[in-house]
Structures are given as C-alpha cells and as structure tokens.
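Tertiary structure, described
Residue-level listing of the chains:
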Amino acid sequence: MKQFIDFIPLLLFFIVYKLDPRPLEVAGHSFEFGGIYSATAMLIVSSLVVYGALFLRQRKLEKGQWLTLVACLVFGGLTLTFHSETFLKWKAPVVNWLFALGFAGSHFIGDRVLIKRIMGHALSLPDSIWTRLNLAWIGFFLFCGAANLFVAFTFQDFWVDFKVFGSLGMTVLFLVAQGVYLSRHLHDDPSTSKPKD
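Residues numbered from 1 in each chain as written. Predicted model: local features only at pLDDT ≥ 70, side-chain atom pairs only at ≥ 80, totals over all residues. Heavy atoms only, no water.

Named according to an unreviewed UniProt entry, the protein is Inner membrane-spanning protein YciB originating from Pseudomonas oryzicola. Here is the UniProt Function (unreviewed entry) comment for the protein, exactly as written: "Plays a role in cell envelope biogenesis, maintenance of cell envelope integrity and membrane homeostasis." Per UniProt, the protein has the following entry under Sequence similarities (unreviewed entry): "Belongs to the YciB family." (UniProt positions renumbered as here; feature names shortened; annotations may be inferred.)

Counted by the stated rule, this structure contains 14 aromatic pairs. With a centroid separation of 5.8 Å and an interplanar angle of 10 degrees, the aromatic rings of F103 and W137 are classed as stacked. In this pair, F103 is assigned in helix 6 (residues 91–105) and W137 in helix 8 (residues 127–154), connecting sequence segments 34 residues apart. Its relative accessible area of 6% is what places W137 among the buried residues. Pairing W137 with F141 gives two aromatic rings, centres 5.5 Å apart and planes at 35 degrees, and the pair type is tilted. (Phe/Tyr/Trp six-rings, centres within 6.5 Å; stacked < 30°, edge-to-face > 60°. Helix = DSSP H or I, 4+ residues; strand = E, 2+ residues; numbered from the N terminus. Buried < 20%, exposed > 50% of the residue type's maximum accessible area, 1.4 Å probe, protein only.)

Here R59, not a glycine, exhibits a phi torsion of approximately 65 degrees, which is positive. Tracing the chain through its elements places R59 in the loop between helix 3 (36–58) and helix 4 (63–82). R59 gets classed as exposed once you look at its relative accessible area, which sits at 62%. One non-glycine residue, H83, lies in the positive phi region at around 50 degrees.

Here you go:
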C-alpha cells in the first residue's frame, strides 16, 4: 500500500503534464497551466500534501518516504529554477539507485538485511531466503533506475508515460514475482506452518 501512495503525486504530475498549456489567472497573477513545468509544480505541491498528511497521521515518515520527498523537492526545484526538464529526468534514476545502495549496504551494516527489517515482523523465513530477497530488491532498483534513465534520454516523447506507467508496471510485476517466490518458501520454516492435530 505504501508503494502505491508514492504514485499519487506522480499520477497528478502526469495529468497536468498531458494538458495543453493554457494561461491561468490566480489572484491577479497569470501563469501557464499544463506541460512540464506546471506539472513539476504539481508534483512538488502534491508530494508535500501527501507526505505531510502521512506525517501528521503517523507522526513520522519512513526513510524511503523522506528520500522520495527530498528528491522531489531538489530535482523539481532545480527543474523550475533553471527551466530545464533534464533535472527531473534524473530524479527517478537517482532515487532508485539510492534505494539499491541502501539495500546493498544492509549486507554490511547492521545485523539484518534491509528487507528483513521491513518485512521480518510479518514473515518468518530462513536467513538465506532473506538474503536472496534482498539481492532481488537491489537488482530491481538498479534495473528501474537504468530503465528510467534510458527512456528519459532516448525516447523524449514517452519518458513521462514510462515514468508513471512503466514504473508502476515494473513495481506490480516485481511484487507479484516476490509473492510467488515467497509462497514457495514459506513452508521451509517450521514456525510458519500450522501444527498438526
């Protein structure tokens, strides 16, 4: 569910991006609504609202949510300041690669890999399975970052579509594959099986 909350600002960004640019009057000021720059402003504002609401409700944000919010503010802010969409194109690759770095670093820092820290309260699995799962997440984030970078700078007309629907599709497919993999290994740990009568 948390994964999909992160897509709310992205979907709003996509909607505004697809609008034909038109002048809009607000409080005596005229600005262009539609296209990449107003979509970037929408991304920043909606991210602040979504993560602000989560923070007020939970009294905290997870590290990944902080990273996503800060990246949105930094890359979105640079895009608007310098009027160049190049900065925004780097947001998804950088965020994905930082996530990959976090998952990779957990193999060397701390007593548990990151995926076990995230999901360990809900599942009981052998350490070897947690390690494989963590490696899969590293591969997933590395691939997503590379795919986003390739599309953003190779297919200029489709990078926003890929950023929204490609990222969502890759995430859904990966989560389904993870579910299938976990279902095959849950019975490996005796604590996850029901006692026989």
